[in-house]
Amino acid sequence: MDASDSALYATLLKEAPGGLAFFDGDLRCRRANDALAALLGVDVRDLQRRRPAEVLPETLAGAFETALRTVLAEDRPLADLDLVVPADGEPGRAAGPSAVATAVEERILACTWLPARGSGGERLGVVLTALDVTERRRAEEVIRRKEQRYRSLVEASAQVVWVAAPGGGVIDDAPEWRAITGQAPEDYAVGGWMAVVHPEDRPRIEAAWRDCVADDRVFETNYRIRTKSGTYRHFDVRAVPIRRGDEVIEWVGANTDVTGQREAEEMRGRLTEQLSAAALRTARLQQATSMLAEALTVSQVVQVITEVGRSAIGADYSAVALLDDDKLRLSIVTPSQPGAEGDARPASRDDIKVADQTVMSVAVRESRPFLAEHPDSLRLQLGRDEKELFAQHPEERAWVGLPLLAAGAPIGALRFSFTRPREITEEERVFLEALAGQCALAVERALLFEREHRTAEELQRSLLPSDLPQLPGMVLAARYNPATRHVQVGGDWYDVFRLPDDRLAVAVGDVMGKGVLAAAGMGRVRNALRALALNDPRPAAVLAGLDRLFSATEDEEQFTTVAYAVIDPETGRGAFSNAGHPPPLLISPDAPARVSTREPGTPLGWPSQRQQTSFSIETGNTVVFYSDGLVENRRRGVDAGLEELVATAADAPPEVVGDPERLVDFLVDRMLAGYEQVDDVTVLALHVPPKSR
């Protein structure tokens, strides 16, 4: 070598930052620089003219010699072969891609082995270059481990990651995403993740994604994705901008499949709705049961069913129809009007043949619910023309018919209809069948009540006097006010009749109870009183005879009171006896109104020595007999009622006091004003008018 080559060679060996060495064909080191010796942890003089096995640890020496032989045998370079130099005399080893330093002193060398030739091309040996890459390899290993941890975390969390360009477009493939959606690589490259978003969600998602990209804001939302099976699943997505300085270089998004969670939430919501609906239906059924228990007439039952149908299932129309005695026709019952709960008049009815093809006819014939959720279903089941179907309510679009069964046999039908198509769920069907069962019980009870009411009403009407005697010296007026709360006939009664000696017998009574039994008991007392009065008209004798009758024939629990008087209409003188009845009221133009303070005695049938009192009705005076329903109710006791009666009579104008017809109306209207009437009221007034001059 000339001087310049020699200087270059010396400089390389001394100043080069990496290790340099030359090995001859026998694998002996002919030249090595200090940098290589330092990297290997040996003295450079120990390397001279020695093989690696003579200087280096066994594993490291083996790696050296294997590389040297390969280059010499194959006459080709070996590049980027990492060798690990152990620390503290540990055995050396070749460093593969996954090698990691286990101690700080351990070094990783990136070695390149080059065949060396002479000027004539002959092989002289092998040149080694070695660079210390320990820190770089460790940094690469840290990055690799972070990537592995990140990948494991993503896989464990069932998230699918995708990357987008700064402007939102596709830049990298997403195999995990395509495995879910079934997109081909070319399809994903064109449309990306947005291509498989549900069409209903896409406009919203595109707008939100566009705004986030424009504003560099985090993109966080949810949408439905079409999977490779063609079904849609729910995903939550969060994408964040990755910045380098102030510039967004890409977007990284993570999608999480939340279909199971959504389905669980929807199921929980449906169950909650079903439980709420079931609780509401139960409450409404209980409410209907309570309301039906107070409905005493069929018309009132229909009114309750109409209200329940509208509130519970949103029915627009409802009807109840009852079978006639021949079981061949159904009669539609008109509901009672609000405020007419005491009206016992027959309801107007429209007839339907059981053999007809109608909603209620089919329900009665087949004893099962009839459901038609839309007009086509109705036509299919009934086979009738549309004009016939919608003649009464042309806007009806869905129907429900339910049989009313009593002891398993139909007594009528219940019908609901809607102005829109309406699907009846199984839960609603169960509710409607229960409602129909309650309705059937209420209708059966109402029919029994109406029959009993008619019987009792006819009986009572036949027992009360059709008119009062007309007398020249005495004017009589009576008023009977039946209780309206339960629309029942009671046991109140009055009677006025002539005795053989032309005196006047006057009686007012009250038999405890309602209905036929009370009316029958009232009839027996009234007839017995007449018979006894014709034999011995003295009041004490008549009441004593009634006591004997009660002891022999009546139930001990039959509580009955009677006030009985015999009056001479010519003189106004008479005798009076009382069996537990409220005291009579005396109204006089010259003195304050008052009630009798005589002991009223005991009710009929109770052991008692009957007493009678003489009295005289003066000219211009009025005596009023009445039942306890006038002075007593749930909010007013008897004593307070008597005081109020006296005060009311004192307020009566003179023209009212002088007219018994007006007086009885005045007393009844004033005494009942502001109170709910729960008992019958009977009032009988006897007035002796002033003698004309």
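In this numbering scheme, every chain counts its residues from 1 along its sequence in written order. Residue-level local features of this predicted model are given only where pLDDT is at least 70; pairs of side-chain atoms are given and counted only at 80 or more, and the full residue set underlies all totals for whole chains, interfaces and linings. Side-chain measures were taken over the full set of non-hydrogen atoms in the model, leaving aside hydrogen atoms and water.

Chemist: It is not clear to me how helix α13 (residues 375-382) should be interpreted in this structure. Could you clarify?
Modeler: Helical geometry note: an α-helix holds 3.6 residues per turn, so side chains three or four residues apart project in the same direction. Accessible area is worked out with a 1.4 Å probe on protein chains only. A residue is then buried under 20% of its type maximum, exposed over 50%, and partly exposed in between. Numbered from the N terminus, helices here are DSSP runs of H or I no shorter than four residues, and strands are runs of E no shorter than two. Buried residues of α13: P375, S377, L378 and L382, and no others. Around the axis of α13, the buried residues are gathered within 160 degrees of arc, so they sit on the same side. Among the residues trailing α13, G383 stands out with phi positive, at a value near 65 degrees. By construction, the arc corresponds to the directions joining the helix axis to the C-beta atoms.

Chemist: So what exactly am I meant to see when it comes to the pattern of salt bridges here?
Modeler: Two side chains carrying opposite charge are able to pair once their charged atoms lie near each other. Counted as salt bridges are all cases of a side-chain nitrogen of Lys or Arg within 4 Å of a carboxyl oxygen of Asp or Glu. By the definition in use, this model includes 35 salt bridges. In this structure, E135 engages R138 in a salt bridge whose closest nitrogen and oxygen atoms are separated by 3.6 Å. Here R138 and E135 lie together in helix α6 (residues 134-156), a separation of three residues that amounts to about one turn. According to the relative accessible area criterion, R138 is partly exposed, its value standing at 23%. A salt bridge links D316 to R420, with the shortest nitrogen-to-oxygen separation between them at 4.0 Å. Of this pair, D316 sits in the loop between α11 (298-312) and β11 (317-323) while R420 sits in the loop between β16 (409-418) and α15 (426-463); the two residues are 104 residues apart in sequence, bridging distant segments of the chain. Judged by its relative accessible area of 40%, R420 falls in the partly exposed class. Taken together, the shared-partner salt bridges connect E200, D201, R204 and R224 into one network.

Chemist: I would appreciate a short explanation of the packing of helix α18 (residues 638-650) against helix α20 (residues 660-672) in the present structure.
Modeler: In a packed pair of helices, the relevant descriptors are the angle between the two axes and the axis-to-axis distance. For helices, the fitted line uses only the C-alpha atoms of the stretch in contact; every axis is such a line through C-alpha atoms, and the angle between N-to-C directions lies from 0 to 180 degrees. Following both chains from N to C, one finds α18 and α20 inclined at 130 degrees, their axes separated by 10 Å at the closest point. Taken together, the axis directions place α18 and α20 in an arrangement best described as oblique. Considering the relative orientation of α18 and α20, their crossing is right-handed. Of α20, the residues touching α18 (which contributes G641, E644, L645, T648 and A649) are F666, L667, R670 and M671. The class makeup of the residues in the contact of α18 with α20 is five nonpolar, two polar and two charged. Working definition: roughly parallel below 35 degrees, roughly antiparallel above 145 degrees, roughly perpendicular at 65 to 115 degrees, and oblique for all remaining angles. Put simply, a crossing is left-handed when the front helix is turned counterclockwise from the back one by less than a right angle, and right-handed when it is turned clockwise. By definition, residues are in contact when any of their heavy atoms lie within 4.5 Å. Gly is placed with the polar residues, together with every amino acid not listed as nonpolar (Ala, Val, Leu, Ile, Met, Phe, Trp, Tyr, Cys and Pro) or charged (Asp, Glu, Lys and Arg).

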